[in-house]
Amino acid sequence: MSKQPTIGWIGLGRMGEAMAIRLLKNGCDVSVWNRTAAKAEPLKPYGAKIVAGKPDLADRDIVFTMVSTTDDLKEVLFEAGGLLSRGAKPDMVVDCSSISQEGSAGVRAELERRGIAYICAPVSGNGKVAKAGKLSVVASGPKASYEAVRPYLAMLGRSEMWLGEGELARVWKIAHNTMFGVIIQTFCEVAVLAEKAGIPRHVFLQSINNSVLGSMYTAYKTPTLANLTFDKVTFTPKLLLKDLDLGMAAAKSHGVPMPAAAATRESIAALVGRGYDNVDFAVLLVELAKNAGLELTPANVEISDGLES
Ligand SMILES: NC(=O)c1ccc[n+]([C@@H]2O[C@H](COP(=O)([O-])OP(=O)(O)OC[C@H]3O[C@@H](n4cnc5c(N)ncnc54)[C@H](OP(=O)(O)O)[C@@H]3O)[C@@H](O)[C@H]2O)c1
């Protein structure tokens, strides 16, 4: 691989857009493709070259992918019209999507059969966290490939880490997002309890952020939970349900009881079943309040999400 590798990027959704822009802002040579072509346009001012089809990225040294599910990843790589459909191939594919261990192993086998190195590099954070340069990236795959791509993973956020060979980073991400779901469930539950008992919701949420229990996550969800601005979508109930299902499947296959995760999975499944789509997953608060006979109103207060740079 040359010293300054050329980069291709597939998938410019909430995450992919912000992540590709970080590479561009760091001076990388990035060509991009997105299924909905209009979503690629905002990257032009940053110097991105927009290509018409996925195979147009096959001559790049490294191709990053940030799509939704395992099936989507297989489609963009291997199916007709996919990255590899015209015979050319990059040196390496780096997938940052949140997908299953088994799905990722299948993708690895197929890429390695074609002589392409594969690094799984799932991330912690949302689009705004990515824009603020505060993502953390956890990777697995061949160590030498990780070292080659490490400078570019470093550009994506505040930390990058190699966990080992194979699909270990998938296990990490599944565990991470299981905890992510459990935390929002419990954060919303106690916020409803506090409000029903008479503590203003925004005051309670901020007090938790100031306590030993506060985290970057509880802080950045606080403005949304206080002001009920669920139309600013960071992550949907459907994507969270996908991840909790991955968590429960991993728990089953490794023989690990996860009672808190199981309860959270059902709660998020109910949210999806009630038709919440294209809305932030923190809307869970509203449903939990309804269960307690409480109708919420926006606090209409200015609260920092802690992500200002
Ligand atoms: N949002 C978060 O907070 C967050 C954080 C960490 C990880 N993740 C994970 O990161 C991944 C992306 O999440 P996101 O929030 O960016 O989702 P998103 O906004 O829904 O974006 C998904 C992207 O994948 C593309 N895509 C999906 N299926 C495709 C297919 N079959 N062929 C071609 N392109 C396809 C979409 O193209 P279109 O634009 O044409 O739909 C879009 O660019 C998911 O695996 C998610 O679980 C999300």
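About the criteria used
Within any chain, residue numbers begin from 1 and follow the written order of that chain's sequence. Totals for whole chains, interfaces and linings use all residues, but because this is a predicted model, local features are given only for residues with pLDDT of at least 70 and pairs of side-chain atoms are given and counted only at 80 or more. Neither water nor hydrogens contribute to the side-chain values; these are computed over all heavy atoms in the structure. Take the buried Ala, Val, Leu, Ile, Met, Phe, Trp, Tyr and Cys residues and link them wherever side-chain atoms come within 4.5 Å; each set so joined is a nonpolar core. For the exposure calls, accessible area comes from a 1.4 Å probe over protein chains only, and a residue counts as buried if that area is under 20% of its type's maximum, exposed if over 50%, partly exposed in between. For each domain, the first and last residues come from an automatic or database assignment. In this analysis, two residues are considered to be in contact whenever any of their non-hydrogen atoms come within 4.5 Å of each other. Note on aromatic contacts: the rings of Phe and Tyr and the six-membered ring of Trp form a pair at centre separations within 6.5 Å, being stacked when their planes are under 30 degrees apart, edge-to-face when over 60 apart, and tilted otherwise. Segments assigned H or I by DSSP are reported as helices when at least four residues long, segments assigned E as strands when at least two residues long, and all are numbered from the N terminus. Every definition here rests on a 1 Å grid over the protein atoms only: cavities are sets of points where a 1.4 Å probe fits but cannot get out, pockets are open sets enclosed by protein on both sides within 12 Å along at least five of seven lines, and lining residues have some atom within 4 Å of a point. Grid points are joined across faces, edges and corners, and a volume is the space filled by probe spheres set on the points. Classification used: nonpolar for Ala, Val, Leu, Ile, Met, Phe, Trp, Tyr, Cys and Pro, charged for Asp, Glu, Lys and Arg, polar for all others including Gly. Structural elements are reduced to axes, namely lines fitted to C-alpha atoms, with helices fitted over the stretch in contact, and the angle between N-to-C directions of any two is expressed from 0 to 180 degrees. In this scheme, roughly parallel covers angles under 35 degrees and roughly antiparallel covers those over 145, while 65 to 115 is roughly perpendicular and the rest are oblique. In this scheme the handedness of a crossing depends on how the near helix is turned from the far one: anticlockwise by less than a right angle means left-handed, clockwise means right-handed. As a working definition, buried area equals the accessible area (1.4 Å probe) given up by two parts on being put together, with both sides summed. Salt bridge criterion: a side-chain nitrogen from Lys or Arg within 4 Å of a carboxyl oxygen from Asp or Glu. Throughout this description, a polar contact denotes any pair of N or O atoms lying within 3.5 Å of each other; where both atoms belong to protein, one of them has to be capable of donating a hydrogen while the other can accept it, and for residues adjacent in sequence the pair is counted only when both atoms sit in side chains. Neighbouring residues are identified by heavy atoms, a residue being near a molecule or strand if any of them is within 4 Å of it. Residue-level accessible areas treat just the shown protein chains as cover; the underlying method is Shrake-Rupley with a 1.4 Å probe. Pocket occupancy is defined atom-wise: a molecule lies in a cavity or pocket when more than half of its atoms are within 2 Å of its grid points.

Bringing the nonpolar core into the picture now. With 74 residues, the main nonpolar core has Trp9, Met19, Leu23, Phe64, Val94, Tyr152 and Leu153 as its most contacted residues. Each of domain 1 (7-166) and domain 2 (171-291) contributes no fewer than three residues to this core. Excluding residues that lie within four positions of it along the chain, Tyr152 makes contacts with Lys3, Gln4, Pro5, Ile7, Leu23, Cys28, Ile62 and Phe64. By size, the runner-up hydrophobic cluster in this structure holds 21 residues, among which are Val67, Val76, Leu111 and Ala169.

Moving on, we come to the packing of aromatic side chains. Under the defined criterion, the tally for this structure stands at seven aromatic pairs. Between Phe180 and Phe281, the aromatic rings sit 5.1 Å apart at their centres with planes inclined by 35°, giving tilted as the arrangement. With Phe180 in helix H6 (residues 168-197) and Phe281 in the loop between helix H10 (259-273) and helix H11 (284-291), the pair connects residues that are 101 residues apart, well separated along the chain. Its relative accessible area of 1% is what places Phe281 among the buried residues. Through successive ring pairs, a cluster of aromatic residues spans Phe180, Tyr217, Tyr220, Phe235 and Phe281.

Another point: the layout of surface pockets. Quantified by volume, the largest pocket comes out at close to 1200 Å³. Looking at the largest pocket, it is lined by 45 residues, and the ones nearest its centre are Gly13, Arg14, Val67, Ser68 and Leu239. Those elements that place two or more of their residues in the lining of the largest pocket are helix H1 (14-25), helix H2 (70-78), strand E7 (123-124), helix H4 (127-131), H6, helix H8 (216-227) and helix H9 (237-254). Classifying every residue of the lining of the largest pocket by side-chain character gives 14 nonpolar, 17 polar and 14 charged.

It is the contact of H6 with H9, at a shortest axis distance of 8 Å, that shows an interaxial angle of 120°. When the axes of H6 and H9 are compared, the pair comes out oblique. The handedness of the crossing between H6 and H9 is left-handed. Every residue of H9 that contacts H6 at Ile174, Asn177, Thr178, Phe180, Gly181 and Ile184 is listed here: Leu240, Asp243, Leu244, Leu246, Gly247 and Ala250. When its residues are assigned to classes, the contact of H6 with H9 shows seven nonpolar, four polar and one charged.

Accessible area lost during the coming together of the parts is what is often quoted as the interface size. Taken domain by domain, the chain comprises domain 1 (7-166) and domain 2 (171-291). The C-alpha centroid of domain 2 is placed 27 Å from the C-alpha centroid of domain 1. The junction of domain 1 with domain 2 conceals about 1400 Å² of combined surface from both sides, 63% of it contributed by carbon and sulfur atoms. On inspection of domain 1 and its partner domain 2, the count reaches zero salt bridges. The tally of links from domain 1 across to domain 2 stands at five residue pairs in polar contact (both at pLDDT 80 or more). When grouped by side-chain class, the residues that make up the side of domain 1 that touches domain 2 number six nonpolar, eight polar and three charged.

What follows covers the site of the ligand. Around the ligand sit 25 residues, and of these Asn34, Thr36, Lys39, Gly125 and Thr234 come closest. A distance of 3.1 Å is found between an oxygen atom of the ligand and a backbone nitrogen or oxygen belonging to Gly13. In the model, a nitrogen atom of the ligand is placed 3.0 Å from a nitrogen or oxygen of the Asp72 side chain. Alone, the ligand offers 900 Å² of accessible surface; in the complex the protein occludes 92% of this. Taking a 2 Å distance to the grid points as the criterion, the majority of the atoms of the ligand fall inside the largest pocket. Counting residues per element, the ones that place at least two in the shell around the ligand are H1 and H2. No other element matches H2, which puts three residues into the shell around the ligand.

On the secondary structure map, Arg201 appears in helix H7 (residues 201-210). Classification of Arg201 by relative accessible area gives buried; the value is 4%. Among residues more than four places away in sequence, those in contact with Arg201 are Ala191, Glu195, Leu225, Ala226, Leu228, Leu285, Leu296, Thr297, Pro298 and Ala299.

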